[in-house]
Amino acid sequence: ILTSVLLPSLCSRGLMGNLLKVLACAELEHGPIVFLDFEHAQPTEAETAVWNQVSAVLEEAHGILAELQSYNGAGQEIREAIQNPGDLALQEKAWNAVCPLVAKLKRFYEFSLRLENALRSLLEALTSPPYAPMQHLEREQALAKQFAEILHFTLSFDELKMTNPAIQNDFSYYRRTISRNRLNNQQLEAENEVNNEMANRMSLFYAEATPMLKTLSNATTKFVSENKTLPIEDTTDCLSTMACVCRVMLETPEYRCRFTNTDTMLFCMRVMVGVIILYDHVHPVGAFAKTSKIDMKGCIKVLKEQPSNSVEGLLNALRYTTRHLNDDSTSKQIRALLQ
């Protein structure tokens, strides 16, 4: 299959471009093949409205990741305040250090809500009748690219969050201080920005190991449950096809040798893991069952062939954020691969 669809023009088309091949995973030998141009795809007139909406959200994503990457926390100030509860100057210093950080955390949380709406718009566009998922991916390549970019951002955000305990430490200190002052009938100015209701919602968000992924999983599940007339297969086939795209690209030397930097590999790995997790949350029997349209053994094998420091977070996402890994229908072989 691979050699029969390689086009001569691919050699000069750059990083991602037409290297990405979509396979009909249900019938690999006979399914239609279409190239997704993740590098150069431009929206058609029919895609423009949704593309513009999602593009506005994605433009913020780089800034959000940069802010999260540089998030150092107020650990020192908080420790000093806790160790010296009677020192009002240290209490004020800790509070002044934490408040701008909590404002950042609020922006991250609010961005997750915008990302949820963007995902919903893409799901509607990529699954709506009368076209099958394969036809959608062929016709709406610019939207497929945006879908991949959302997943890439999501996994990137969650990897950074999981390795930064300062986030929850800062927020816990903020909430304790708010509660203490409320007991003393004091209201701090910061409460106007992050009131108790907002703090409760943010607390639930940051309590998740992978909060952005949880947001997208919930959004996808909600999308399926609310669209009763849309066959669930339309959504799950879209997800399983995307997983196939990334797996084939990663495991095929003819494709992989065209990558000029490691970012492209990581992009594909993150997108592959993201769609697997969404599929597992939405599909009744999940991604790990024998009837799954995702080649889980192949996907895990591809990940484990990469340097462990670049994929451990992704393997952990499969271990701890999927829904069906520990079901009886999951083979011992797949479980062993993820141990």
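Residues numbered from 1 in each chain as written. Predicted model: local features only at pLDDT ≥ 70, side-chain atom pairs only at ≥ 80, totals over all residues. Heavy atoms only, no water.

For the chain, the name recorded in an unreviewed UniProt entry is Family with sequence similarity 49 member A, like, with Dicentrarchus labrax as its organism. The UniProt entry for the chain carries the following comment under Sequence similarities (unreviewed entry): "Belongs to the CYRI family." Quoted verbatim from the Subcellular location (unreviewed entry) heading of the UniProt record, the comment on the chain is "Membrane". (UniProt positions renumbered as here; feature names shortened; annotations may be inferred.)

Chemist: Go over the packing of helix α3 (residues 75–83) against helix α4 (residues 88–127) with me, naming the residues and quoting the values.
Modeler: The interhelical angle for the contact between α3 and α4, taken along N-to-C directions, is 150 degrees, at an axis separation of 8 Å. Relative to α4, the element α3 lies roughly antiparallel. α3 and α4 meet at a crossing whose hand is left-handed. On α4, the residues that touch E77, I78, E80 and A81 of α3 are L90, Q91, K93, A94, A97 and V98. (Axes fitted to C-alpha atoms, helices over the stretch in contact; angles between N-to-C directions. Helix = DSSP H or I, 4+ residues; strand = E, 2+ residues; numbered from the N terminus. Parallel < 35°, antiparallel > 145°, perpendicular 65-115°, else oblique. Left-handed = near helix turned anticlockwise from the far one by under 90°. Contact = heavy atoms within 4.5 Å.)

Chemist: Report on the state of the cysteines, specifying residues and quantitative values.
Modeler: Linking two cysteines covalently via their sulfur atoms produces the bond known as a disulfide. Overall, the coordinates contain 0 disulfides when judged by the stated rule. With no disulfide of its own, C268 lies closest to C246 among cysteine sulfurs, the gap being 5.2 Å. With relative accessibility at 1%, the residue C268 sits in the buried group. (Disulfide = S-S within 2.5 Å. Buried < 20%, exposed > 50% of the residue type's maximum accessible area, 1.4 Å probe, protein only.)

Chemist: Pulling in residues and values, what's your account of helix α6 (residues 141–162)?
Modeler: Between its terminal C-alpha atoms α6 stretches 32 Å, which fits the 32 Å expected from 22 residues at 1.5 Å a residue. Counting buried positions over the 22 residues of α6 gives 18, a clear majority of the element. (Expected span 1.5 Å × (residues − 1).)

Chemist: Can you break down the pattern of salt bridges residue by residue, with the values?
Modeler: Tallied over the full model, the rule gives 13 salt bridges. Between E305 and K301 there is a salt bridge, with its nearest N and O atoms 3.0 Å apart. (Salt bridge = Lys/Arg side-chain N within 4 Å of Asp/Glu carboxyl O.)

Chemist: Could you give an account of the packing of aromatic side chains, naming the residues involved and the relevant values?
Modeler: Going through the model one piece at a time under the given rule, you end up with 8 aromatic pairs. Measuring from centroid to centroid gives 6.4 Å for F171 and Y206, while their planes differ by 50 degrees, and the two rings are tilted. Of the two residues, F171 is situated in helix α7 (residues 166–183) and Y206 in helix α8 (residues 196–207); the sequence distance between them amounts to 35 residues. With 4.9 Å between their ring centres and 85 degrees between their planes, F205 and Y206 make a pair best called edge-to-face. F205 sits in the buried class, given a relative accessible area of 6%. According to the relative accessible area criterion, Y206 is buried, its value standing at 2%. Chaining the aromatic ring pairs together yields one cluster made of W95, Y109, F171, Y174, F205 and Y206. (Phe/Tyr/Trp six-rings, centres within 6.5 Å; stacked < 30°, edge-to-face > 60°.)

Chemist: Just give me the short version of the side chain of E140, but keep the residues and values in it.
Modeler: Along the chain, E140 turns up in the loop between α5 (133–139) and α6. Of the side chains bearing the opposite charge, R139 lies closest to the buried E140, which forms no salt bridge; the N-O distance is 4.2 Å. Among all residues touching E140, those that are not within four sequence positions of it are E47, A125 and L126. (Lys, Arg positive; Asp, Glu negative; His and termini not counted.)

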